[in-house]
Amino acid sequence: MARTPDQFPPFGPGRHLLSVQQLDRAMLGQIFELAEVVDPIAAGTVRCTVLDGAVLGSLFFEPSTRTRLSFESAFLRLGGEVTTTTGFTFSSMAKGESISDTSRVVSGYSDVMVVRHPDEGSVAEFARASVVPVINAGDGTGEHPSQALLDLYTLRTELGRRGKSVDGATIAIVGDLKYGRTVHSLMKLLTLSRDITFRLFSPPSLELPVDIERYVVERGHRIVEADSATEAVAGADAVYATRVQRERMTEEVLTSANVTGNLLNRAMLHEADAEEIIIMHPLPRDSRMDSFDLSTDVDELPGLSIFHQTDNGLRIRMAIFLVAMGCSADAVKAATKNQSWDATLDWD
Ligand code: ASP
Ligand code: CP
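Residues numbered from 1 in each chain as written. Chains lettered and ligands numbered in written order. Predicted model: local features only at pLDDT ≥ 70, side-chain atom pairs only at ≥ 80, totals over all residues. Heavy atoms only, no water.

A.B. asks: Help me understand the packing of aromatic side chains in this model?
C.D. replies: When we look at a pair of aromatic rings, we describe it by the centre distance and by the angle of the planes. Applying the stated criterion across every chain, the model contains 5 aromatic pairs. Where Phe75 meets Phe321, the ring centres are 4.9 Å apart and the plane angle is 80°; that geometry is what we call edge-to-face. Placement of the pair is Phe75 in helix H3 (residues 66-77) and Phe321 in helix H12 (residues 306-324), with a sequence separation of 246 residues. Grouped by ring-pair contacts, the aromatic residues Phe61, Phe88 and Phe126 constitute a single cluster. A cation over a ring is seen here: Arg317 above Phe71, with NZ or CZ 4.9 Å from the ring centre. (Phe/Tyr/Trp six-rings, centres within 6.5 Å; stacked < 30°, edge-to-face > 60°. Helix = DSSP H or I, 4+ residues; strand = E, 2+ residues; numbered from the N terminus. Lys NZ or Arg CZ within 6 Å of the ring centre and 35° of its normal.)

Written as structure tokens, this is what we have:
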């Protein structure tokens, strides 16, 4: 029988990671600590073989740059091997094979699987048929738990640098709040902190789903609706901007959302007296003209954290594998030695 996210067992060794609802503060602490331990491995300054002999099955049925490559790099950097398939065309799903059969087959070749699929709930379906742990790398408009973990890790680090903590923070979330799964996972994950104020702005038809709003409010956090991105960022500690998820909406929804121009740019931050704000985005940023996304004119601002997020993604995804595969920090350290090469860029 299908389980809802609140019925999934807590994440841990030998467990799937399908929803942030499987995480508690203790597990967050463990993942973040492991992310620190693997830092030199992620940076390529030391070599690790803790996952020697392990095979990752990487299945991506939707476009991806950072999630697929960082999960795969994470596994390789920990000493494992990767098998991968991308898109429906190059798997036997193109011949009508079901999720269930596909999952059972690939799990027989792998020790852990990472799966992205366009349908909400589909990765849980993969998990039901799998004989190894499955990590959700994005299921339609549902969730993207590893992204939420790297987002929270980055937010915590950036706030920490400013002498602040996530508890009590005010976070503006702007853009497509309806179809953006990273928003859904991040807002739910942030409820593990205390006293968060969310300042939300979305165009018409792209508002936050009521179940996410209820989840957040029932856990004692505050949601404030703003009429513009400028109003949302005023007084916030951080802003999380998101792309319009055009691939998930009908022409009708897209037309009523009326999304053109910039979602957020430097002039808006200036007007809101927020040029120092922490700027986050799950990426990709839609850099085409009038795409209604975060403008590149914010890139020189001191709070720009989008590439800290992507770099942290590697560490966090290493930590996720270590937890799912039952490896301790001590096991990692014991399997680590100095690199014999140095690829530090020397180029002016
Ligand atoms: N890359 C993120 C996702 O797959 C966000 C996005 O595509 O806009 O959910
Ligand atoms: N943030 C994110 O999931 O990026 P990709 O879609 O490129 O994997």
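Continuing now.
A.B. asks: Sorry if this is basic, but what is going on with the side chain of Thr230 here?
C.D. replies: Locating Thr230 in the fold gives a position in helix H9 (residues 229-233). If near-sequence neighbours (up to four positions away) are discounted, Thr230 is found in contact with Met268, Glu271 and Ala272. (Contact = heavy atoms within 4.5 Å.)

A.B. asks: Just checking my understanding: could you explain the packing of helix H7 (residues 181-190) against helix H8 (residues 210-218) for this structure?
C.D. replies: Packed helix pairs are specified by the crossing angle of their axes together with the interaxial distance, meaning the distance between the axes. Look at H7 against H8: their axes get within 9 Å of each other, and the N-to-C directions meet at 15°. The angle between the axes of H7 and H8 places the two elements in the roughly parallel class. Considering only the axes of H7 and H8, their crossing is left-handed. Across the interface between the two elements, His184, Met187 and Lys188 from H7 touch Ile212, Tyr215 and Val216 from H8. (Axes fitted to C-alpha atoms, helices over the stretch in contact; angles between N-to-C directions. Parallel < 35°, antiparallel > 145°, perpendicular 65-115°, else oblique. Left-handed = near helix turned anticlockwise from the far one by under 90°.)

A.B. asks: Where do I start with the pattern of salt bridges in this structure?
C.D. replies: Pairs may arise between side chains of opposite charge once their charged atoms sit close together. Scanning all chains against the criterion turns up 15 salt bridges. Close ionic contact of Arg246 with Asp286 constitutes a salt bridge, the shortest N to O distance being 4.0 Å. On the criterion of sequence distance, the pair formed by Arg246 in the loop between strand E9 (238-241) and helix H10 (251-257) and Asp286 in the loop between strand E10 (278-280) and H12 is long-range, its members being 40 residues apart. Residue Asp299 pairs with Arg285 through a salt bridge whose shortest N-O separation is 2.8 Å. A residue pair is termed long-range when its members are at least 10 positions apart, and Asp299 in the loop between E10 and H12 and Arg285 in the loop between E10 and H12 qualify at 14 residues. On the basis of relative accessibility, which here comes to 15%, the residue Arg285 falls in the buried class. Among the charged side chains, a network of salt bridges with common partners joins Arg25, Asp167 and Arg194. (Salt bridge = Lys/Arg side-chain N within 4 Å of Asp/Glu carboxyl O. Buried < 20%, exposed > 50% of the residue type's maximum accessible area, 1.4 Å probe, protein only.)

A.B. asks: What's the story with the sheet that holds strand E4 (residues 112-117) in this structure? I'm lost.
C.D. replies: Backbone hydrogen bonds hold the strands of a sheet together, and the pairing may be parallel or antiparallel. The strand order across the open sheet built from 4 strands is E3-E2-E4-E5, with neighbouring strands paired in parallel fashion. Of all the strands in the sheet, just strand E3 (81-86) and strand E5 (134-139) have a single pairing partner and so form its edges. Neighbour to neighbour, the strand axes of the sheet diverge by 10° on average, direction disregarded. With 6 bridges joining them, strand E2 (residues 55-60) and E3 adopt parallel strand pairing. Bridging across to E3, Gly57 finds its partner in Thr83. Lying on the sheet, helix H4 (residues 99-107) is in contact with E2 and E4; it crosses E4 at an angle near 150°. (Pairing = 2+ DSSP bridges.)

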